[in-house]
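Residue-level structural notes
So you can see what is in the structure, the chains are spelled out below.
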Amino acid sequence: MDKRSKPFTEKTNKEICLLYLKRYEEKDLNSIEEMFSEDIVLRDWKIRVKGKDNAINETRKNFENANSIEIDVLSTYENKNTVAAELKIVVDSKEELYVVDIITINAEGKIKSIRAYLGRGDN
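To start, this report covers the structure provided alongside it.

What counts and what doesn't
- Residues numbered from 1 in each chain as written.
- Predicted model: local features only at pLDDT ≥ 70, side-chain atom pairs only at ≥ 80, totals over all residues.
- Heavy atoms only, no water.
- Buried < 20%, exposed > 50% of the residue type's maximum accessible area, 1.4 Å probe, protein only.
- Helix = DSSP H or I, 4+ residues; strand = E, 2+ residues; numbered from the N terminus.
- Pairing = 2+ DSSP bridges.
- Contact = heavy atoms within 4.5 Å.
- Expected span 1.5 Å × (residues − 1).
- Arc of directions from axis to C-beta.
- Axes fitted to C-alpha atoms, helices over the stretch in contact; angles between N-to-C directions.

This part is about the pairing of strand β5 (residues 95-105). Taken across its 11 residues, β5 has 8 buried, putting it largely inside the fold. Bridge count for strand β4 (residues 82-91) against β5 is 10 bridges, and the pairing is antiparallel. From the neighbouring strand, Val83 faces β5, where its bridge partner is Ile103. If you look at the hairpin formed by β4 and β5, you'll find 3 residues sitting between the two strands, and Asp92 has a positive phi there, around 55 degrees. In this structure, β5 lies alongside strand β6 (residues 111-118), joined through 7 bridges in antiparallel fashion. Counted as the bridge partner of Ile105 is Ile111 from β6. In textbook terms, the turn of a hairpin is the stretch between consecutive antiparallel strands, and for β5 and β6 this stretch comprises 5 residues, one of which, Gly109, has a positive phi near 80 degrees.

See the structure below:
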């Protein structure tokens, strides 16, 4: 089903991605849990976990290790079931991270995988 034939109430993959990033910035673990598929794979430059419980536990650890998280979406790219988001993330008002998240959405509108790649700013 292409985007034009989706019912008006369904979110686009880009909207799902942006909502996830907003909930992450808010450290809203309950909302994030609802967005994850049961078989999610979460991978970044430090860890790789599979399954909703493991992904939620890793996300919880990130939230516990940061007083604040600010996410600035610099750009997004979208194809059929994947959104890439170029991000500037500021942790605790001091640590700047430039990250690209590749987020795959399944047919039910749940996040099936998040692959995060660390980059650098162009300062």
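Of note, Leu18 is situated in helix α1 (residues 13-25). Not counting the four nearest positions on each side in its chain, Leu18 is found in contact with Val73 and Thr76.

Compared with the 18 Å implied by 1.5 Å per residue over 13 residues, the 18 Å span of α1 between its first and last C-alpha is a close match. Within α1 the residues assigned to the buried category are Asn13, Ile16, Cys17, Tyr20, Leu21 and Tyr24. For α1, the angular spread of buried residues about the axis comes to 135 degrees, placing them on one side. Trailing α1 by a residue or two, Lys27 shows a phi angle of about 55 degrees, which is positive.

Turning to the sheet that holds β5, a few remarks are in order. Pairing is mixed across the open sheet formed by 6 strands, whose spatial order is β2-β1-β6-β5-β4-β3. At either end of the open sheet lies a strand with only one pairing partner, and these are β2 (48-50) and β3 (69-78). Going across the sheet, the axis of each strand differs from the next one's by a mean of 20 degrees, ignoring polarity. Its contacts with the sheet put α1 on β1 (36-43), β3, β4, β5 and β6, and the angle it makes with β3 is roughly 170 degrees. Packed on one face of the sheet, helix α3 (residues 52-64) meets β1, β2 and β3 and runs near 55 degrees to β1.

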